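Structure assessment
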Amino acid sequence: MHGWVQQNHDGLPQKAGYPQESINEIHGSWFDPSNPVVLYSGTLRSELCEDMVDLADTSDLTLVMGTSLTGLNADQVAKKPAKRSLSGGELGHGDHLTAAD
């Protein structure tokens, strides 16, 4: 798996053994003091947004779990690869798997 975009703050990927440096906790984390939770009125960290867009633009396959996909910025991680696949467009580099929850 190439990357993980985590919208929740629960630390479950880390508890499951996924390496912290490979998780994009786009909305912040309860367990990482360097990445405080972002309120709805707040601003997302630019480097995390850039990473999320890159994953959305290059992933061939995205696993989406536990989200309603109701208009948050992270929805693109699921929607962009699906749209490319359905339109017959070029997918990413062929070696990315992204999980978004």
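Residues numbered from 1 in each chain as written. Predicted model: local features only at pLDDT ≥ 70, side-chain atom pairs only at ≥ 80, totals over all residues. Heavy atoms only, no water.

1. With respect to the environment of Glu-47
Rule in force here: Per the convention used, a helix needs a DSSP run of H or I reaching at least four residues, while a strand needs a run of E reaching at least two, with both numbered from the N terminus. Throughout this description, a polar contact denotes any pair of N or O atoms lying within 3.5 Å of each other; where both atoms belong to protein, one of them has to be capable of donating a hydrogen while the other can accept it, and for residues adjacent in sequence the pair is counted only when both atoms sit in side chains.
Mapped onto the fold, Glu-47 is located in helix H2 (residues 46-58). In the structure, Glu-47 is positioned 23 residues away from Asn-24 in sequence and 9.6 Å away in space, judged by C-alpha atoms. A distance of 2.4 Å separates the side chain of Glu-47 from the side chain of Arg-45, its partner in a polar contact.

2. With respect to helix H3 (residues 76-87)
Note the following rule: The span you would expect from a helix comes to 1.5 Å times its residue count less one.
Along its 12 residues, H3 runs 16 Å from first to last C-alpha, staying within 8% of the 16 Å computed at 1.5 Å per residue. Just beyond H3, the residue with positive phi is Gly-88, at close to 75 degrees.

3. With respect to the pairing of strand S1 (residues 3-6)
Note the following rule: Only protein chains enter the calculation, and the probe is 1.4 Å; a residue is then buried if its accessible area is under 20% of its type maximum, exposed if over 50%, and partly exposed in between. A pair of strands is considered paired only if DSSP assigns at least 2 bridges between the two.
Side-chain alternation along S1 places Gly-3 and Val-5 on one buried face and Trp-4 and Gln-6 on a second face that is also buried. Bridge count between S1 and strand S2 (residues 23-25): three bridges; the pairing is parallel. The residue bridging Trp-4 from the neighbouring strand is Ile-23, located in S2.

4. Details of the side chain of Asp-32
Rules: A positive count includes Lys and Arg, and a negative count includes Asp and Glu. His and the chain ends are not counted in either. A pair is scored as a salt bridge if a Lys or Arg side-chain nitrogen falls within 4 Å of a carboxyl oxygen belonging to Asp or Glu. Residues are treated as being in contact if the distance between any of their heavy atoms lies within 4.5 Å.
Along the chain, Asp-32 falls in the loop between S2 and H2. The charged side chain of Asp-32 is buried without a salt bridge, its nearest counter-charge being Arg-45 at 5.6 Å. Side-chain polar atoms of Asp-32 contact the side chain of Ser-34, separated by 2.7 Å. For Asp-32, the residues in contact, after removing those within four places along its chain, are Gln-20 and Glu-25.

5. Notes on H2
End to end, H2 covers 18 Å across 13 residues, agreeing with the expected 18 Å (1.5 Å per residue, within 8%). Among all positions in H2, only Leu-48, Cys-49, Met-52, Leu-55, Ala-56 and Thr-58 are buried.

6. So, the nonpolar core
How we decide: Definition of nonpolar core: a set of buried residues of the types Ala, Val, Leu, Ile, Met, Phe, Trp, Tyr and Cys, connected through side-chain atoms within 4.5 Å.
Counting residues in hydrophobic clusters, the biggest one holds nine residues: Val-5, Ile-26, Leu-48, Cys-49, Met-52, Leu-55, Ala-56, Ala-74 and Val-77. No other element matches H2, which puts five residues into this core.

7. Considering the packing of aromatic side chains
Note the following rule: Two aromatic rings from Phe, Tyr or Trp, using only the six-membered ring of Trp, form a pair when their centres are within 6.5 Å; if the ring planes differ by under 30 degrees the pair is stacked, by over 60 it is edge-to-face, and anything between is tilted.
On inspection of all chains with the given rule, the structure shows one aromatic pair. Here Trp-4 and Tyr-18 contribute two aromatic rings whose centre-to-centre distance is 5.0 Å and whose plane-to-plane angle is 55 degrees, an arrangement assigned as tilted. One end of the pair, Trp-4, is in strand S1; the other, Tyr-18, is in the loop between helix H1 (12-15) and S2, and 14 residues separate them in sequence. Per residue, the accessibility class of Trp-4 equals that of Tyr-18, and both read buried.

8. Quick notes on the pattern of salt bridges
Going through the model one piece at a time under the given rule, you end up with two salt bridges. Arg-45 is the salt-bridge partner of Glu-47, the closest N and O atoms lying 2.4 Å from each other. Classification of Glu-47 by relative accessible area gives partly exposed; the value is 40%. With relative accessibility at 30%, the residue Arg-45 sits in the partly exposed group.

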